[in-house]
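For reference, the chains in residue letters:
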Amino acid sequence: MAALDLFGRRWSLRILWELRAGPLGFRPLQKRCDDMSSSVMRQRLTELLDAQVIHQLPDSRYELTPLGQEARQALNPLAHWAERWAATIDPQGADHTDDQSASRISHPDTVGDGTPERDSAD
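Trainee: So what about the overall build of the chain? Which residues, and what values?
Mentor: Scanning the chain from N- to C-terminus turns up seven helices and two strands. Its helices and strands in sequence order give the chain the pattern α-α-α-α-β-β-α-α-α, from N to C terminus. Looking at the chain as a whole, 35% of its 122 residues are labelled buried. Here the contacts in the chain between residues at least 6 apart in sequence split such that 47% fall between residues at least 24 apart.

Trainee: An account of the environment of leucine 19 is requested, with residue identities and associated values reported.
Mentor: Structurally, the position occupied by leucine 19 is in the loop between helix 2 (12-18) and helix 3 (26-32). By relative accessible area, which is 1% here, leucine 19 ends up buried. With 50 residues separating them along the chain, leucine 19 and glutamine 69 place their C-alpha atoms 9.4 Å apart. With near-sequence residues (within four places) excluded, leucine 19 lies in contact with Leu24, Leu29, Ile54, Tyr62, Glu63 and Leu64.

Trainee: Before we move on, could you go through the environment of glutamine 52 and cite the residues and values that matter?
Mentor: Structurally, glutamine 52 is set in the loop between helix 4 (38-50) and strand 1 (54-56). With 14 residues separating them along the chain, glutamine 52 and proline 66 place their C-alpha atoms 9.0 Å apart. When residues no more than four places from it in sequence are discounted, the contact partners of glutamine 52 are Thr65 and Leu67.

Trainee: Tell me what's going on with the side chain of serine 12, and back it up with residues and numbers.
Mentor: Mapped onto the elements of the fold, serine 12 is located in helix 2. When near neighbours in sequence (up to four residues on either side) are disregarded, serine 12 contacts Leu6, Phe7, Arg44 and Leu48.

Trainee: Explain unusual backbone geometry residue by residue, including any values.
Mentor: Where the residue is not glycine, phi is negative for most of them; where a peptide bond is considered, it is trans in most cases. The backbone phi angle of glutamine 52 is positive, close to 65°, even though this residue is not glycine. Accessibility expressed as a relative area gives 54% for glutamine 52, which makes it exposed. Of note, the phi angle at serine 60 is positive, near 80°, even though the residue is not glycine. The exposure class of serine 60 is partly exposed, given its relative accessible area of 41%.

Trainee: Can you explain the pattern of salt bridges? Please cite residues and give values.
Mentor: The final tally for this structure, using the stated rule, is five salt bridges. Residues arginine 14 and glutamate 18 are paired through a salt bridge, measuring 2.8 Å at the closest nitrogen-oxygen approach. Of this pair, arginine 14 and glutamate 18 are both found in helix 2, four residues apart, which corresponds to roughly one turn of the helix. Comparing arginine 14 with glutamate 18 shows no difference in burial state: the two are buried. A salt bridge links aspartate 59 to arginine 61; the shortest N-O distance between them is 2.7 Å. Overlapping salt bridges bring together Arg14, Glu18 and Asp34 as one network.

Cut-offs used in this document
- Residues numbered from 1 in each chain as written.
- Predicted model: local features only at pLDDT ≥ 70, side-chain atom pairs only at ≥ 80, totals over all residues.
- Heavy atoms only, no water.
- Helix = DSSP H or I, 4+ residues; strand = E, 2+ residues; numbered from the N terminus.
- Buried < 20%, exposed > 50% of the residue type's maximum accessible area, 1.4 Å probe, protein only.
- Contact = heavy atoms within 4.5 Å.
- Salt bridge = Lys/Arg side-chain N within 4 Å of Asp/Glu carboxyl O.

Okay, here's the thing in structure tokens:
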């Protein structure tokens with residue numbers, strides 16, 4: 001299934017997630033995606049552009065197309081599940097600094113204090 005191939009590639013869903021609030025330029029988007037390499041970022045952006053889920057504005061920023069907005073909306077149940085999952089594995093949402101926390105899974109959908117980020121469009 002083409003959509004699974006596209007969205008199953010590392011960083012593709014993250015890019016869609018980061019563009020949910022509006023257009024971003026290459027560097028700000030790269031920063032929000034944990035400073036992924038420029039070459040991988042270009043490759044993913046090209047794939048998402050070709051799939052017509054994002055487009056590039058005249059000022060070079062990227063934004064979701066209506067099709068991309070639909071895809072993001074379809075991901076809302078997964079985002080809600082991820083919030084519940086994050087709360088299950090770390091009920092306090094505490095910022096751990098011990099050795100065990102170094103091996104923990106990073107949750108890009110949380111704000112600085114570890115609480116799930118809320119999307120007002122949900």
